[in-house]
Amino acid sequence: MAGLNLTRDPLELSSNAVLIMDQNTSEVLLDKNSQVALPMASITKLMTSLVVLEANQNMDEILQVTEEDIDTVKRTHSRLAIGSQLSRANMLHIALMSSENRAANALGRHYPGGLPAFIAAMNAKARALGMHSTRYVDPTGLSSGNVSSARDLAKLVVAAYQHPIIRYYSTNSNYAVEPGRHVLHYRNSNNLVSNPDWEIGLQKTGYISEAGRCLVMQATIDGRQVVMVFLDSKGKHSRLADAARVRRWLEGSKPSVMARPIVAQQG
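Residues numbered from 1 in each chain as written. Predicted model: local features only at pLDDT ≥ 70, side-chain atom pairs only at ≥ 80, totals over all residues. Heavy atoms only, no water.

Draft legend 1. Representation of the side chain of Q23 in the model. Mapped onto the elements, Q23 comes out in the loop between strand 1 (17-22) and strand 2 (28-32). When sequence neighbours within four positions are dropped, the list of residues in contact with Q23 reads V158, Y161, Q218, Q225, V226 and V227. (Helix = DSSP H or I, 4+ residues; strand = E, 2+ residues; numbered from the N terminus. Contact = heavy atoms within 4.5 Å.)

Written as structure tokens, this is what we have:
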């Protein structure tokens, strides 16, 4: 509706907002509508994980899924039945790896002060990181009220990358949990983590209709650590195709800087 799809870029990417950045120098290598705030869908869960970990809560504590965790926004299905019990660590694992929404909401509910305090902490962390175009209203990303820009999300990726747990959980290809009488097997929502041609250090996918297909990644390409953000991609596989196109471009050229460095604030 904003006409972002009319913006051309040298690589003819399908995503309507893109930011490609050198992680070590903060040099922007490719910029396409990177300052426009858009719904971010489950990319939200990166901030959810950051707030959970920095609260230093007991990761072995058992959390229970309740009716409060049912998705009343999009009415999506979850494999975690009401009454399911998992450790905070396992909730975080499947929230990051497989975008499990009830797990993400349960993590927020079990924050000191409950869900309102958790959402306040998410927004406070965003401000501390200099994510000035970002707003959170829930810990799952199911609401289109969760908005951010590609530029802001690059800062979030850099901050989240400092946590080995986020790196490991988000790039794990599969994982099994036992929330009740049955074992549930989860797979990563990003097929690239299983591709031996990719060296991915952190990733998160996202999708709701208002956001399109979204993807953020940290990857090492041709010896360079790169942060990639792709928002509002319409085709089911187009965000992964965009990542592959950017990778080929980086491997085949020495891109020039297209914008000022992005500096994530401390906090």
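Draft legend 2. Summary view of the layout of surface pockets. Considering only enclosed or pocket space, the largest pocket measures out at about 550 Å³ in volume. Lining of the largest pocket is provided by 24 residues; of these, S98, S99, S189, T205 and R239 occupy positions nearest its centre. Counting residues per element, the ones that place at least two in the lining of the largest pocket are strand 8 (184-187), strand 9 (200-208) and helix 7 (238-252). Ranked by the residues each element gives to the lining of the largest pocket, the list is headed by strand 9, at four residues. Classifying every residue of the lining of the largest pocket gives five nonpolar, 13 polar and six charged. (1 Å grid on protein atoms, 1.4 Å probe; cavity = no way out; pocket = protein on both sides within 12 Å on 5 of 7 lines; lining within 4 Å. Points joined across faces, edges and corners; volume = space filled by probe spheres on them. Nonpolar A, V, L, I, M, F, W, Y, C, P; charged D, E, K, R; others polar.)

Draft legend 3. Just the pairing of strand 11 (residues 224-233), in detail. In terms of residue burial, strand 11 counts as a mostly covered element, since eight of its 10 residues are buried. For strand 1 and strand 11, the ladder comprises six bridges, and the chain directions are antiparallel. Pairing of V18 across the sheet is with F230, part of strand 11. By the bridge criterion, eight bridges tie strand 10 (residues 212-221) to strand 11 in an arrangement that is antiparallel. What sits directly across from M217, in strand 11, is M228. Connecting strand 10 to the antiparallel partner strand 11 that follows it, the hairpin turn spans two residues, and D222 within it adopts a positive phi of roughly 55°. (Buried < 20%, exposed > 50% of the residue type's maximum accessible area, 1.4 Å probe, protein only. Pairing = 2+ DSSP bridges.)

Draft legend 4. Representation of the pattern of salt bridges in the model. For the structure shown, the criterion picks out 10 salt bridges. A salt bridge links D9 to K32; its shortest N-O distance comes to 2.9 Å. You can see D9 sitting in the segment before strand 1 and its partner K32 sitting in strand 2, a full 23 residues away along the chain. According to the relative accessible area criterion, D9 is buried, its value standing at 8%. Across the pair E210 and K74 runs a salt bridge whose closest N-O atoms are separated by 2.7 Å. Of this pair, E210 sits in the loop between strand 9 and strand 10 while K74 is found in the loop between strand 4 (62-64) and strand 5 (85-87), placing the two residues 136 residues apart along the sequence. (Salt bridge = Lys/Arg side-chain N within 4 Å of Asp/Glu carboxyl O.)

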